[in-house]
Amino acid sequence: MFGYIIINKGDMKFKEFDVYHSYYCGLCDALKRRYGKIGQFSLSYDMTFVVMLLSSLYEPDTELKQAKCVAHPFEKHMVRSNEFSCYGADMNVLFTYYKCRDDWEDERKLSRFAYGRLLRRAYYSICSRYGAKSKRIAGLMREMAQEEKRQNQDIDRMAGLFGEIMGEILAARADEWQESLKSMGNFLGKFIYLMDAYEDIEEDIKQHRYNPFVKKFESPDFEEEVKTILTMMMAGCCREFEKLPIIENAEILRNILYSGVWYRYEMIHQKREAEKEKREGGQKVKHA
């Protein structure tokens, strides 16, 4: 369900990209230090955004270093690490464990079952460290899985559950910014959940898998309705973001929120439109 909160590299300065990439490398480094190579496999751009957002808001002491890695073996690159790199690593592994478990229960994917088993020790360690937060996330994940099994087609309800999960993740501290971060995460989580459903709808229908858009997909207004809902979610997310007193990395974060998040949507939408035109063209030729 991750992979949507990314940068628009074409609209980013080289220096900004280097800064963004240094947070990505910092998260990767934290995953390796805390959970080994198994943890590194869970690395995501979405959690990189969370790390950068929280780092920019709270401005913690941050270690800067240059390093080589398997992905970049020939030249050193900048790595930024702080307490939120570790927090992001923990949340990344926690969510990945739940996703592996759901994929096994829903689709019997052996690879996800095996990966989940490898993450089990890390999962229990994270649960003991975060207590109430991990319990709330676990409860929401469990509720979402139950509603999916019931084939719940209430889009607001289903997206809202994942929104609450993202709200818990973004609200790393109980302080004056907690409610704004929760609200921002709520909108962002809804966007991620609905984007995932939008991307998978055709394959889910073929495979008889759950998708909250099943009833709406045949509607002639489906594409327009989805775009409207997604736009509303990101408008709410951006509104909450602008309330935060963020100066450092603000333009990079805006690049992601105002532009980068739409990259996958545009790609999927254009592909569907091209396939639709091809089908309609074929039908015209057939009737001619």
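Q: Account for the environment of Leu 27, naming residues and giving values.
A: Topologically, Leu 27 is positioned in helix H1 (residues 14-40). With 54 residues separating them along the chain, Leu 27 and Ser 81 place their C-alpha atoms 7.3 Å apart. Those residues in contact with Leu 27 that lie beyond four places of it in its chain are Leu 43, Ser 44, Met 47, Thr 48, Val 51, Ser 85, Gly 88, Ala 89 and Asn 92.

Q: Help me get a handle on the nonpolar core, residues and values and all.
A: Counting 85 residues, the largest nonpolar core has Phe 49, Leu 53, Leu 181, Met 184, Phe 213 and Met 234 as its most contacted members. Counting residues per element, this core draws most heavily on helix H7 (residues 178-206), which supplies twelve residues. If we skip the residues at most four places from it in the chain, Leu 53 touches Leu 170, Leu 181, Met 184, Phe 241, Leu 244, Ile 246 and Leu 253.

Q: A description of the packing of helix H5 (residues 132-149) against helix H6 (residues 155-170) should follow, citing residues and the corresponding values.
A: For the pair H5 and H6, the least separation of the axes is 10 Å and the interaxial angle reads 165°. When the interaxial angle is binned, H5 and H6 end up roughly antiparallel. Relative to H6, H5 is oriented so that their crossing is left-handed. Residues Lys 133, Arg 136, Ile 137, Leu 140, Met 141, Glu 143, Met 144, Glu 147 and Glu 148 of H5 form the contact with H6, whose participating residues are Arg 157, Met 158, Leu 161, Phe 162, Glu 164, Ile 165, Glu 168 and Ile 169. For the contact of H5 with H6, the residue count by class is nine nonpolar, no polar and eight charged.

Q: Describe the packing of aromatic side chains, naming the residues involved and giving the relevant values.
A: Counting across every chain of the model gives 17 aromatic pairs. Ring geometry for Phe 95 versus Phe 162: centroids 5.6 Å apart, planes at 70°, classification edge-to-face. A residue pair is termed long-range when its members are at least 10 positions apart, and Phe 95 in helix H3 (residues 83-107) and Phe 162 in helix H6 qualify at 67 residues. For Phe 95, a relative accessible area of 4% gives the class buried. Consider the rings of Tyr 98 and Tyr 123, whose centres lie 5.5 Å apart with planes at 80°: the pair is edge-to-face. Here Tyr 98, found in helix H3, pairs with Tyr 123, found in helix H4 (residues 110-130); they are 25 residues apart in sequence, far enough to count as distant. By the burial criterion, Tyr 98 is buried, and Tyr 123 matches it. A network of ring pairs unites the aromatic residues Phe 191, Tyr 198, Phe 213, Phe 217, Phe 222, Trp 262 and Tyr 265 as a single cluster.

Q: Outline helix H2 (residues 45-58), supporting the account with residue identities and numerical values.
A: Since the α-helix packs 3.6 residues into each turn, any two residues three or four apart lie on the same face. Between its first and last C-alpha, H2 extends 20 Å over 14 residues, near the 20 Å set by a 1.5 Å rise per residue. With 13 of its 14 residues buried, H2 lies for the most part within the structure. Of the residues trailing H2, Glu 59 is marked for its positive phi of about 50°.

Procedures and definitions
- Residues numbered from 1 in each chain as written.
- Predicted model: local features only at pLDDT ≥ 70, side-chain atom pairs only at ≥ 80, totals over all residues.
- Heavy atoms only, no water.
- Helix = DSSP H or I, 4+ residues; strand = E, 2+ residues; numbered from the N terminus.
- Contact = heavy atoms within 4.5 Å.
- Core = buried A, V, L, I, M, F, W, Y, C linked by side-chain atoms within 4.5 Å.
- Buried < 20%, exposed > 50% of the residue type's maximum accessible area, 1.4 Å probe, protein only.
- Axes fitted to C-alpha atoms, helices over the stretch in contact; angles between N-to-C directions.
- Parallel < 35°, antiparallel > 145°, perpendicular 65-115°, else oblique.
- Left-handed = near helix turned anticlockwise from the far one by under 90°.
- Nonpolar A, V, L, I, M, F, W, Y, C, P; charged D, E, K, R; others polar.
- Phe/Tyr/Trp six-rings, centres within 6.5 Å; stacked < 30°, edge-to-face > 60°.
- Expected span 1.5 Å × (residues − 1).

What is shown is where atoms sit, not what they do.
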